[in-house]
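# Descriptive structure summary
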Amino acid sequence: MEQQEYYSHGTAAERWERARMFFDAKEYATAARVLDGLVAEVPEQVAPRLLLARSYYHSAQLRRAEAELRTIVERDPVEHYARLMLGRTLERQGRDTEAAPHLRMAAALAGDFPED
């Protein structure tokens, strides 16, 4: 079986499980390769796109992570984990000013309010 066929082989559920297995094994770039096709197939589903963004983040593909996270936040502005990850991704790129509003929003959505 050709390598690319391996990443796209099987049902969506089988590929989701394969991607999670690679992610859990810290094989983030491989997980991203499996998830890339899955996200293209089911772009409306948040979970595969979020795991793809996390895979990109952990494999230092920060621009790709940012793009996926921005897509999630555009579609679901109250998805607090995507906001948090977007803030962290921007921070890792040295873009703290851009990160701050996303981190504040994530904290508010999670119910983490500063003590006065």
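Right above here is the structure, for reference.
My aim in this report is to walk through the structure given alongside it, one point at a time.

Reading the values: the criteria
- Residues numbered from 1 in each chain as written.
- Predicted model: local features only at pLDDT ≥ 70, side-chain atom pairs only at ≥ 80, totals over all residues.
- Heavy atoms only, no water.
- Helix = DSSP H or I, 4+ residues; strand = E, 2+ residues; numbered from the N terminus.
- Buried < 20%, exposed > 50% of the residue type's maximum accessible area, 1.4 Å probe, protein only.
- Contact = heavy atoms within 4.5 Å.
- Lys, Arg positive; Asp, Glu negative; His and termini not counted.
- Charge placed at Lys NZ, Arg CZ, Asp CG, Glu CD.
- Expected span 1.5 Å × (residues − 1).
- Axes fitted to C-alpha atoms, helices over the stretch in contact; angles between N-to-C directions.
- Parallel < 35°, antiparallel > 145°, perpendicular 65-115°, else oblique.
- Left-handed = near helix turned anticlockwise from the far one by under 90°.
- Nonpolar A, V, L, I, M, F, W, Y, C, P; charged D, E, K, R; others polar.
- Patch = residues over 30% accessible without salt bridge, like charges linked within 9 Å, V, L, I, M, F, W, Y side chains within 5 Å.
- Areas by Shrake-Rupley, 256 points an atom, 1.4 Å probe, with all protein chains shown as cover.
- Salt bridge = Lys/Arg side-chain N within 4 Å of Asp/Glu carboxyl O.

### Examining the overall build of the chain
Along its length, the chain carries 7 helices and 0 strands. Going from N to C terminus, the chain has its helices and strands arranged as α-α-α-α-α-α-α. Seen along its three principal axes, the alpha-carbon backbone of the chain occupies a region of about 60 × 25 × 20 Å. Every one of the 116 residues in the chain was classed for burial, and the buried ones make up 37%. The contacts in the chain between residues at least 6 apart in sequence include a share of 40% that link residues at least 24 apart. Where the 16 positive side-chain charges of the chain centre and where its 20 negative ones centre are 3 Å apart.

### Let's talk about helix 6 (residues 80-92)
Look at helix 6: 18 Å from first C-alpha to last across 13 residues, which is about the 18 Å you get at 1.5 Å a residue. Buried within helix 6 are the following residues: Ala82, Arg83, Met85, Leu86, Gly87, Thr89 and Leu90. Packing partners of the buried residues in helix 6 comprise helix 4 (46-58), helix 5 (62-75) and helix 7 (96-109).

### Quick word on the packing of helix 4 against helix 5
Between helix 4 and helix 5, the least distance of the axes is 7 Å, while the angle of their chain directions is 155°. Between helix 4 and helix 5, the interaxial angle falls into the category roughly antiparallel. Handedness of the crossing formed by helix 4 with helix 5: left-handed. Between helix 4, through Val46, Arg49, Leu50, Leu52, Ala53, Tyr56 and Tyr57, and helix 5, the contact on the second element is made entirely by Leu62, Arg64, Ala65, Glu68, Leu69, Thr71, Ile72 and Arg75. Partitioned by chemical class, the residues of the contact of helix 4 with helix 5 number 10 nonpolar, 1 polar and 4 charged.

### Regarding the packing of helix 6 against helix 7
Where helix 6 contacts helix 7, the two axes come as close as 8 Å, and the packing angle between them is 155°. Here helix 7 runs roughly antiparallel to helix 6, going by the angle between their axes. Along this stretch, helix 6 crosses helix 7, giving a crossing that reads as left-handed. Contacts between helix 6 and helix 7 involve His80, Arg83, Leu84, Leu86, Gly87, Arg88, Leu90 and Glu91 on the former and, on the latter, Asp96, Glu98, Ala99, His102, Leu103, Met105, Ala106 and Leu109. Along the lines of polarity and charge, the residues of the contact of helix 6 with helix 7 split into 8 nonpolar, 3 polar and 5 charged.

### Observations concerning a nonpolar patch on the surface
Nonpolar side chains collect at one region of the surface, where Val78, Met105 and Leu109 lie side by side and expose about 240 Å² of accessible area between them. Along the polypeptide, Met105 turns up in helix 7.

### Let's talk about the side chain of Glu68
Within the fold, Glu68 resides in helix 5. Using a relative accessible area of 14% as the deciding quantity, one classes Glu68 as buried. Setting aside chain neighbours within four positions, we find Glu68 in contact with Val39, Arg49, Leu52, Ala53 and Tyr56.

### Brief notes about unusual backbone geometry
Keep in mind that most residues, glycine aside, have a negative phi and that most peptide bonds are trans. Positive phi outside glycine occurs at Lys26, with the angle close to 65°. Here Lys26 falls in the exposed class, since its relative accessible area comes to 60%. Its identity as a non-glycine residue notwithstanding, Ala60 has a phi of 60°, on the positive side. Within the fold, Ala60 resides in the loop between helix 4 and helix 5.

Function cannot be read off these values alone, since they describe shape.
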